[in-house]
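As a plain string of letters, each chain reads:
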Amino acid sequence: MMTIANPIYDTVFKYLMEDDRIARTILSALLKEEIVDVKMRPHEYTNGQKEVLSIFRIDFGATIRKPSGEKQLILIEIQKTWLPTETLRFRQYLGVHYQDPKNIMITSPDRHAMPMVAVYLLGHTVGDIEEPVVYVRHKAFNYDDEPVTKGIPDRFVDSLNHDSIIVQIPRLHGKINNRLDKVLSIFDQKRVSPESQHYLSVDEKSYDSADDDMQPILHRLLMAASSVKMRQDMNVEDEYFSIIKEQEGKLYGLEKDLAEKESLLAEKNGQLAEKDGQLAEKDGQLKTLVKMLLQAGQPIETIAEELHIDIERAKTLCD
């Protein structure tokens, strides 16, 4: 068995993807496209508020070769998280890219945004979806919900929409049936070493020694496992996420208390509304009685005395 660093850790994942060849291998497998060139975008991978956001992201500019031979430049954004995360946080990062003028390409005679693919590496599951990898692709339809194919793909349409790839790491089943399974097997948390979650134990025999793509990945993760600095950084991440879990636990408790208080308040408001209705009904009955007594010739003073209400109240009920 071989012990490699666990790439679910941000510091290990960043170290892995900084190698252009490895990044090209992983992204090609995910996109099911031939990527001929890929570059990590500078200053885009840091997470300045890890203790608040718990999301790590890396952006790449990639050149893909279509089956026709045509080359296309696209933007690939990888967002990775350990914990269940609000989708709003993911959307906020995407919004930054849509607004960034650096993502606009100028080709005669027009300007258009780079097509974008968002990749989500999730350390948690999404609802009841059982597939470990889900591809979400946009399509164009006419009024009758019939697919529009003529003129598609189109730069204008592609500039306003993006495809997504969702990887549920806990759903990785450990079996290698295709190239993507092989690449994603290095994230399989079922292989966590019993000594420490910082490491994975993999059977190197399950990888072909002649595989020119997987061997560099395993070698780099092997190097990361022996790095003292890498171990220190993983320890820091453990501390960060223990704080996050504690904060989220407290937040959940506060939200639960607030929900209970709101429920009690709603119940009390309902009781008050019911009492107000009963009082209104009694006032109506009292008003009818006062008018009947007046019609019977009773003085207002006598009526007030018999009903045990003050004279002004009795006069009000007469109106």
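For every chain, the first residue of the written sequence is number 1, and numbering continues from 1 onward in sequence order. The predicted origin of the model limits local features to residues at a pLDDT of at least 70 and limits the giving and counting of side-chain atom pairs to 80 or more, whereas totals for whole chains, interfaces and linings rest on all residues. Note that water and hydrogens are dropped before the side-chain values are worked out from all heavy atoms of the structure.

Caption draft 1: Structural context of the packing of helix 9 (residues 300-307) against helix 10 (residues 311-318). For helices, the fitted axis covers only the stretch in contact; all axes are lines through C-alpha atoms, and the angles between them, taken along N-to-C directions, range from 0 to 180 degrees. A run of DSSP states H or I qualifies as a helix once it reaches four residues; a run of E qualifies as a strand once it reaches two. Both are numbered from the N-terminal end. Where helix 9 meets helix 10, the axes come as close as 9 Å, and the angle between the chain directions of the two elements is 110°. Classified by the angle between their axes, helix 9 and helix 10 sit roughly perpendicular to one another. In contact with Ile300, Glu301 and Ala304 of helix 9, helix 10 contributes Ile311, Ala314, Lys315 and Cys318. All residues other than Ala, Val, Leu, Ile, Met, Phe, Trp, Tyr, Cys, Pro, Asp, Glu, Lys and Arg, Gly among them, are scored as polar; the first ten of these are nonpolar and the last four charged. Classifying every residue of the contact of helix 9 with helix 10 by side-chain character gives 5 nonpolar, no polar and 2 charged. For classification purposes, an angle smaller than 35 degrees is called roughly parallel, one larger than 145 roughly antiparallel, one from 65 to 115 roughly perpendicular, and anything else oblique. Pairs of residues are marked as contacts when any of their non-hydrogen atoms sit within 4.5 Å.

Caption draft 2: Geometry of the side chain of Ser28. Along the chain, Ser28 turns up in helix 2 (residues 20-31). Partly exposed describes any residue whose relative accessible area lies between the buried limit of under 20% and the exposed limit of over 50%, with all areas from a 1.4 Å probe on protein chains only and scaled to the type maximum. Under the relative-accessibility criterion, Ser28 is labelled buried at 18%. Look past the residues within four positions of Ser28 in its chain and what remains in contact with it is Glu33, Glu34 and Ile35.

Caption draft 3: Geometry of the nonpolar core. Remark: nonpolar core denotes a set of buried residues (Ala, Val, Leu, Ile, Met, Phe, Trp, Tyr, Cys) joined through side-chain atoms within 4.5 Å. Ranked by size, the top nonpolar core spans 53 residues in total, and within it Met17, Leu30, Phe60, Ile76, Ile78 and Ile186 carry the most contacts. The biggest single contributor to this core is helix 2, with 7 residues. Among the nonpolar cores identified, the runner-up in size contains 9 residues, and Val290, Leu293, Ile300 and Ala304 belong to it.

Caption draft 4: How the structure looks around the side chain of Asn6. In this structure, Asn6 sits in the loop between strand 1 (2-5) and helix 1 (10-17). Once residues within four sequence positions are removed from consideration, Asn6 is found in contact with Val12, Gln189, Val192, Gln197, His198, Tyr199 and Leu200.

Caption draft 5: Summary view of unusual backbone geometry. Although it is not a glycine, Lys32 sits at a positive phi angle of roughly 55°. As for its placement among the helices and strands, Lys32 is situated in the loop between helix 2 and strand 2 (34-40). The backbone phi angle of Asp145 is positive, close to 65°, even though this residue is not glycine. As for its placement among the helices and strands, Asp145 is situated in the loop between strand 8 (133-136) and helix 5 (155-160). Classification of Asp145 as exposed rests on a relative accessible area of 60%.

Caption draft 6: Representation of the pattern of salt bridges. When a carboxyl oxygen of Asp or Glu lies within 4 Å of a side-chain nitrogen of Lys or Arg, that pair is called a salt bridge. Counted according to the given criterion, the structure contains 7 salt bridges. Where Asp10 meets Lys80, a salt bridge forms, and the shortest distance between an N and an O atom there is 2.6 Å. Residue Asp10 is found in helix 1, and its partner Lys80 is found in strand 4 (residues 71-81); the two are separated by 70 residues along the sequence. On the basis of relative accessible area, Asp10 is assigned to the buried category, the value being 4%. For Arg65, the salt bridge identified is with Glu34, shortest N-O distance 2.5 Å. Taken as a pair, Arg65 in strand 3 (residues 55-65) and Glu34 in strand 2 lie far apart in primary sequence, 31 residues in all. Judged by relative accessible area, which is 29%, Arg65 ranks as partly exposed.

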